[in-house]
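# An overview of the molecular structure
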Amino acid sequence: MERTIKERRSIFPNQFTGEVIPDAKITELLELAHWAPSHRKTFPWRFHVIGGEAKIAFAEFMADTYKNTTPKFSEFKYHKLKEKVLNSSHIVIINMQPDPEKRVPEWEELAATAMAVQNLWLGATAKGLGGYWSSPSLIDKIPDYLRVADSERCLGLFYLGVPGEAELLRRERPELMNYVKWL
């Protein structure tokens, strides 16, 4: 487990090989995500998985929404939005549904959803897959695309793919004690 945690890293869609991950493996990762802690068992995470042909429509949505809502349009960014989606095997849209009874503070629902994503990410790493959690500037437009309840809040996109060999190089971290104070 320690090795998996230390090997987890952001691997971006342009670093994916283009190989498609079987849907069954994606389901296994989502099952791991579903075992995240959830105070009062609210299970606030909602995952919307985009793969196969649905990626084309989502890529068009992202690019066209960017084009239609951005005052400083960039042709480069327009194409990059499409490429991120199309280079990925699957995209998991990460949403959070707060408890309608408000039994727990919203920050706990956000934390639970983030822990679910961490489980997904660690599972992907353990299976030799790459992932990247992105919060695009268009994040507030995604619930409209999904046609979800107004209370369901999008927290980002998790791009999944098979990384190229060079992407698995070891990375460094700053000294832990720079971030710890013993009392």
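Refer to the structure printed above.
Everything in this summary refers to the structure shown in the same document. Numbering of residues starts from 1 in every chain and runs along the sequence as written. Two thresholds apply to this predicted model, a pLDDT of at least 70 for residue-level local features and 80 or more for giving and counting side-chain atom pairs, whereas whole-chain, interface and lining totals are computed over all residues. The basis for every side-chain value is the complete set of heavy atoms in the structure, and neither hydrogens nor water enter the calculation.

### A short note on the overall build of the chain
What counts, and what does not: Numbering of helices and strands runs from the N terminus, with a helix taken as a DSSP run of H or I at least four residues long and a strand as a DSSP run of E at least two residues long. The globule rule is 2.2 Å times the number of residues to the power 0.38, and the radius of gyration it is compared with is taken over C-alpha atoms. With a 1.4 Å probe rolled over the protein chains alone, any residue whose accessible area is under 20% of its type maximum counts as buried; one over 50% counts as exposed, and the rest are partly exposed. What makes two residues a contact is simply this: any of their non-hydrogen atoms within 4.5 Å.
Secondary structure assignment for the chain yields six helices and four strands. Overall, the chain shows an N-to-C arrangement of helices and strands of α-α-β-α-α-β-α-β-α-β. Relative to the globule expectation of 16 Å for 183 residues, the C-alpha radius of gyration of the chain, 17 Å, shows essentially globular dimensions. Projected onto its principal axes, the C-alpha positions of the chain cover 50 × 45 × 35 Å. With 183 residues in all, the chain has 42% of them scored as buried. Taking the intrachain contacts of the chain between residues at least 6 apart in sequence as the baseline, contacts between residues at least 24 apart amount to 80%.

### A few points about the side chain of serine 89
As a reminder, the rule being used: Counting of polar contacts relies on pairs of N or O atoms within 3.5 Å, with two restrictions inside protein: one atom must be capable of donating a hydrogen and the other of accepting it, and residues adjacent in sequence are counted only when both atoms are side-chain atoms.
With respect to the helices and strands, the residue serine 89 is situated in the loop between helix H4 (75-87) and strand E2 (90-96). The exposure class assigned to serine 89 is buried, which follows from its relative accessible area of 3%. Within the structure, serine 89 has its side chain in polar contact with the backbone nitrogen of isoleucine 21 (distance 2.7 Å). Apart from the residues within four sequence positions on either side, serine 89 is in contact with Glu19, Val20, Ile21, Ile50, Gly51, Lys55, Leu160 and Gly161.

### Quick word on the packing of helix H3 (residues 54-69) against H4
Let me state the cut-off plainly: Lines are fitted to the C-alpha atoms to define the axes, a helix being fitted only along its stretch in contact, and any angle between axes, read from their N-to-C directions, falls within 0 to 180 degrees. An angle counts as roughly parallel when it lies under 35 degrees, as roughly antiparallel when it exceeds 145, as roughly perpendicular when it falls between 65 and 115, and as oblique in every other case. Here a crossing is taken to be left-handed if its near helix is turned anticlockwise relative to the far helix by less than a right angle, and right-handed if that turn runs clockwise. In this classification, Asp, Glu, Lys and Arg are treated as charged, Ala, Val, Leu, Ile, Met, Phe, Trp, Tyr, Cys and Pro as nonpolar, and every other residue, Gly included, as polar.
It is the contact of H3 with H4, at a shortest axis distance of 8 Å, that shows an interaxial angle of 160 degrees. Put simply, H3 runs roughly antiparallel to H4. The hand of the H3/H4 crossing is right-handed. In this structure, H3 contributes Lys55, Ile56, Phe58, Ala59, Glu60, Met62, Ala63, Asp64, Tyr66 and Lys67 to the contact, and H4 contributes Lys77, Tyr78, Leu81, Lys82, Val85 and Leu86. For the contact of H3 with H4, the residue count by class is 10 nonpolar, no polar and six charged.

### Some points on the pattern of salt bridges
Rule in force here: Salt bridges are defined as contacts in which a side-chain nitrogen from Lys or Arg sits within 4 Å of a carboxyl oxygen from Asp or Glu.
Counted according to the given criterion, the structure contains seven salt bridges. Measuring nitrogen to oxygen at the nearest pair gives 3.2 Å for the salt bridge that ties lysine 82 to glutamate 60. Taken as a pair, lysine 82 in helix H4 and glutamate 60 in helix H3 lie far apart in primary sequence, 22 residues in all.

### Some words on H4
To keep it simple, the criterion reads: Here, expected helix span is obtained from the residue count minus one, scaled by 1.5 Å. The arc refers to the directions leading from the helix axis to the C-beta atoms.
Helix length check: H4 (13 residues) gives 18 Å between terminal C-alpha atoms against 18 Å at 1.5 Å per residue, within 8%. For H4, every residue scored as buried is listed here: Tyr78, Leu81, Lys82 and Val85. Here the buried residues of H4 occupy an arc of 90 degrees about the axis, which is enough to place them on one side. Of the surrounding elements, those touching the buried residues of H4 are H3, E2 and strand E4 (153-161).

Geometric descriptors of this kind do not, in isolation, establish any biological role.
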